[in-house]
Amino acid sequence: MARLSLRGIKKRFKTTDVLHGIDLEIGDREFVVFVGPSGCGKSTLLRLIAGLDPISDGDFFLNDQRMNDVAPSRRGIAMVFQSYALYPHMDVYENMAFGARLMGLSKDEVEKRIADAARMLRLDELLKRKPRELSGGQRQRVAIGRALVRKPDVFLLDEPLSNLDAALRSDVRLEIAKLHRDIGGTMIYVTHDQVEAMTLADKIVVMNAGRIEQVGSPRELYETPANTFVATFIGSPRMALVDVTRDGERLGVTNGGSIATGALPAGQTYKLGLRPDAVKLAKGHGGEGFSASVVYTEYLGDNAYVYVRLADGTLVSARTAPNDLYAPDEAVTVTVEPGSAHYFSAEDGRRLAP
Amino acid sequence: MRDSGCDGNQPETQNSTSPLMGEDGWGVAASADPKIKRALKVPQLRMTGRGLWISALIVPPLCFVALFIVYPIVSAFAYAFFDWQGLKRLDFVGLENFHTVLFVEPYRSWTINAFKNNVIVFFALMVLQNGLGFILAYALWRELPGARFHRIAVFLPVVLSTIIVAYLFKLFYHPLFGVVNITLKGIGLGWLAQPWLGQSGTALGSIIVAQAWHMVGFPTLVFLAGMQRIPSEILDAVRMETESEWVKITKIVWPLVAPSATIVFTLLFVGAFNWFELPYIMGGLDGSPFGSTDVLGLYFYRTAFGNVSSGQQDFGLGSALAVIIFIFIAIVAGVITTRLRAREIQL
């Protein structure tokens, strides 16, 4: 059982404000991912939850108990670090036993827990090895095992995959997802990689510049991003934002044609958000749509992305069939699938409902 | 040195048909021509500009070491086997001198007394200097308030000349005007005021305190450097598992600074058994009072070169003592080093 409640959490380092009031509720057994660009405060928030850094302002409750002044080791929280942070002078067994023994568990219980964790993480063969004799992936598993044997209420994982090579990364990602299903604890996972966030999370917390931009399921974030930051951060290639002016039922780009996209929100000017799958290309200028010219093409096998530049200079990506060939500088016309466009306020970037 | 390093690899690779070696021409040439092969087998420093430069840098210090360190040690070994009259060498006496300093009175009890004092000095400094150094380093490392100031303050005495420290502490310990006694009287502990350097019970301890004050910055610095090598995430990981400073220090920090401990312990051992300047100035050449501050260094000096009250010199006995001290230090320091090396960890 673990419910976390963050209320108005602020963090100040000397005179720099890093977190400007974070409010967040995390339910039992949830897999929550903090995602955001470097320096957005996601790792800082994780360290505050762990208790490694003091909270400057606000309250943190774990199961309705205020945790602000509780030592990290007494919060019932375990953390997996980016560099794994295994104790170099202890073998794998000792690394896992160290924390468990400090909890005052009996010798048998410690042994049983380590045996369970070792089986689950396939570490049985490695128990007598020192960390320096392990590969990156194995160290990662030991770090997770060390957290597991403490049977914490909450697992914190700080960019656990960033030190692994690409091939291993997707394997370990699957293992972490499976682990969460098997042990069912609350997990908080920090990453800057939106693919990790989308594939693992029950709930994603998108952060930017010390604030939460949006909280929601991967589907919610992708389909109804709350603002332009979330819209461009989630999804690859990123969503294009086109400054458009409304003329009746049509949306026009400066000197670049106009389109009709269906129902429109109130107002005169918007930012029109276009994901690659919402964009349709036709060869040549003229006719319905924005006129544009091809910049370059990315061929990915099962499909291709064509990047085109609109008349006002905005770069828009379109997903096309792999067989559609476009030459650089070729003139094209951009149209939009009805109902698949996003609208954002031209002033503050908030989502506008049609 | 790059040349010789390359040559050093040749014996392993030249006979194999390693594609790497074949490509760059070296391997092909080496296996084709036995002359070149032989020439390449021995790493050698050719007298090119680089070789000359290296020689020019190495030879002067090598001469210095040979002349002022190796030669005296070797000659001390030789002197120890002869009978001496002043600076005049008499007959070869075999192990007689060694026998005298170890087993014949009064030398025997002097040797034992000085050795016993050295052992006390070693263990006392182990606690006062290295122990305190470790605690200071930990405090500095944890960035307690004032750490920046204290980092410099702790190390400052180390750069002072030993002579200055010795006279300074002699003044501190002065029975009437010394700051120690005046302070004790000032805070109402006048009954503790005493002639610190003037009585057998306190003299050695007082000098040890001066030594610890002087040199505590050194182990502190080495330990601090060792601690700063510990990755911060490892400390975070420990904090997630315990809040006890004791557990952190004993189970994590201490094992991880083992390389620093090796250096510090070995140097302290060598220093403690070669101790001379402070007791010489603060206790005098006789290890006053009553030999209570006598250590092997003073005892050796007195035996070999004589002291103020008696001009009696005996190079033979002195050399024998020096050889015994040297061998003892070499063996024990070797054991300490290998033993401690074994528990060092790669971070």
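Cut-off values and rules
Residues numbered from 1 in each chain as written. Chains lettered and ligands numbered in written order. Predicted model: local features only at pLDDT ≥ 70, side-chain atom pairs only at ≥ 80, totals over all residues. Helix = DSSP H or I, 4+ residues; strand = E, 2+ residues; numbered from the N terminus. Buried ≥ 20, exposed ≤ 12 C-beta atoms within 10 Å, placed from the backbone. Contact = placed C-beta atoms within 7 Å. Core = buried A, V, L, I, M, F, W, Y, C linked by C-beta atoms within 7 Å. Nonpolar A, V, L, I, M, F, W, Y, C, P; charged D, E, K, R; others polar. Domains from an automatic or database assignment. Expected span 1.5 Å × (residues − 1). Pairing = 2+ DSSP bridges. pLDDT = per-residue confidence, 0-100. Axes fitted to C-alpha atoms, helices over the stretch in contact; angles between N-to-C directions. Parallel < 35°, antiparallel > 145°, perpendicular 65-115°, else oblique.

1. A short note on the overall build of chain B
Regarding its fold elements, chain B presents 18 helices and 2 strands. Counting every position in chain B, which comprises 347 residues, the buried fraction comes to 29%. If you take every contact in chain B between residues at least 6 apart in sequence, the share linking residues at least 24 apart comes to 65%.

2. Structural notes on the overall build of chain A
The helix and strand inventory of chain A stands at 8 helices and 20 strands. When the backbone C-alpha atoms are referred to their principal axes, chain A occupies close to 80 × 45 × 35 Å. When each of the 354 residues of chain A is scored for burial, the buried share is 41%. For chain A, restricting intrachain contacts to residue pairs at least 6 apart in sequence, the fraction spanning at least 24 positions comes to 66%.

3. Points about the nonpolar core
Grouped together as the largest cluster of nonpolar side chains are 164 residues, with contacts concentrated most on Val33(A), Ile49(A), Leu156(A), Ile188(A), Leu274(A) and Val316(A). With 10 residues, helix α7 (residues 107–141) of chain B is the largest single contributor of residues to this core. Once residues lying within four places of it in the same chain are set aside, the contact partners of Leu156(A) are Leu46(A), Ile49(A), Ala50(A), Ile77(A), Met79(A) and Ile188(A).

4. Quick word on the interface of chain A and chain B
Taken together, the contact pairs 17 residues of chain A with 17 residues of chain B. Classifying every residue of the side of chain A that touches chain B gives 12 nonpolar, 4 polar and 1 charged.

5. Brief notes about the domain arrangement of chain A
All names here are of chain A. If you check the domain split of chain A, you get domain 1 (4–232) and domain 2 (237–345). The partner domain 2 presents 7 residues to the 5 residues of domain 1 that form the contact. Its residues assigned to classes, the side of domain 1 that touches domain 2 shows 2 nonpolar, 3 polar and no charged.

6. Quick look at helix α11 (residues 200–215) of chain B
Residues and elements named next belong to chain B. Between its first and last C-alpha atoms α11 spans 24 Å; for 16 residues at 1.5 Å apiece the expected length is 22 Å, and the two agree. Listing the buried residues of α11 in full gives Ala203, Leu204, Ser206, Ile207, Ile208, Ala210, Gln211, Ala212, His214 and Met215. The secondary structure elements touched by the buried residues of α11 are α7, α9 (162–172), α12 (217–228) and α16 (277–282).

7. Some remarks on the environment of Arg181(A)
By the element assignment, Arg181(A) lies in helix α5 (residues 166–183). The spatial distance from the C-alpha of Arg181(A) to the C-alpha of Phe31(A) is 9.6 Å, given a sequence separation of 150 residues.

8. Here we look at the sheet that holds strand β1 (residues 4–13) of chain A
All names here are of chain A. Overall, antiparallel pairing links the 4 strands, which are arranged β2-β1-β4-β5 in an open sheet. A strand with exactly one partner marks an edge of an open sheet, and here the two such strands are β2 (16–26) and β5 (65–66). Pairing analysis gives 2 bridges linking strand β4 (residues 57–62) to β5, with the strands arranged antiparallel. Paired with Leu62 across the bridge in β5 is Gln65.

9. Here we look at the confidence of the model for chain B
Where the model shows low pLDDT, its predicted coordinates should not be examined in detail. Mean pLDDT for chain B: 82, with 84% of residues reaching 70 or above. Contacts for the low-pLDDT stretch residues 1–32 of chain B, under 50 throughout, to residues beyond four places or in other chains number 30 contacts.

10. What about unusual backbone geometry?
Here the amide bond leading from Ser236(A) into Pro237(A) is cis, since omega sits at -5°, within 30 degrees of zero. Along the polypeptide, Pro237(A) turns up in the loop between α8 (228–233) and β11 (240–247). With an omega dihedral of -10°, the bond running from Ser288(B) to Pro289(B) counts as a cis peptide bond. One non-glycine residue with positive phi stands out, namely Arg122(A), at about 55°. By the secondary structure assignment, Arg122(A) is in the loop between α3 (107–120) and α4 (136–148). A positive phi angle, close to 70°, is found at Asp329(A), a residue other than glycine. When you line up the elements, Asp329(A) lands in the loop between β18 (315–320) and β19 (331–336). Using a count of 9 C-beta atoms within 10 Å as the deciding quantity, one classes Asp329(A) as exposed.

11. Overview of the environment of Ala260(A)
All names here are of chain A. Looking at the secondary structure, you find Ala260 in strand β13 (residues 257–260). Note on Ala260: 14 C-beta atoms within 10 Å, which makes it partly exposed. Sequence separation between Ala260 and Thr335 is 75 residues, and the spatial gap between their C-alpha atoms is 8.6 Å. For Ala260, the residues in contact, after removing those within four places along its chain, are Glu249 and Arg250.

12. A short note on the pairing of β18(A)
All names here are of chain A. Two elements, strand β17 (residues 304–310) and β18, share 6 bridges in a ladder whose sense is antiparallel. Residue pairing across strands places Arg309 opposite Leu315, the latter belonging to β18. Here β17 hands over to β18 after 4 residues, with Gly313 in that stretch at a positive phi of 100°.

13. Some details on the sheet that holds strand β6 (residues 77–80) of chain A
Residues and elements named next belong to chain A. Ordered by their spatial adjacency, 6 strands build an open sheet running β6-β7-β8-β3-β9-β10, and the pairing between neighbours is mixed. One side of each edge strand has no neighbouring strand; the edge strands of this open sheet are β6 and β10 (211–216). With strand direction ignored, the average angle separating the axes of adjacent strands in the sheet is 20°. In the sheet, strand β3 (residues 31–35) pairs with strand β8 (residues 186–191) via 5 bridges, with the strands oriented parallel. Note that in β8 the partner of Val35 across the bridge is Thr191. Each of β6 and β7 (154–158) is contacted by α4, which is oriented at about 175° to β6, the strand it contacts most.

14. Details of the confidence of the model for chain A
With 100% of its residues at a pLDDT of 70 or more, chain A shows a mean pLDDT of 89. Highest mean pLDDT in chain A belongs to β3(A) (94); lowest belongs to β13(A) (82).

15. Considering the environment of His99(B)
Residue and element names in this part refer to chain B. Following the sequence through the fold, His99 ends up in helix α6 (residues 96–103). Exposure remark for His99: the 14 C-beta atoms within 10 Å place this residue in the partly exposed category. Residues His99 and Ala258 lie 159 residues apart in sequence; the distance between their C-alpha atoms is 40 Å.

16. Overview of the packing of α6(B) against α7(B)
All names here are of chain B. Packing of α6 against α7 leaves a shortest axis separation of 5 Å and a crossing angle of 70°. Put simply, α6 runs roughly perpendicular to α7. The residues of α7 that touch α6, namely those facing Thr100, Val101, Leu102 and Phe103, are Tyr107, Arg108 and Thr111. Taken together, the residues of the contact of α6 with α7 sort by class into 4 nonpolar, 2 polar and 1 charged.

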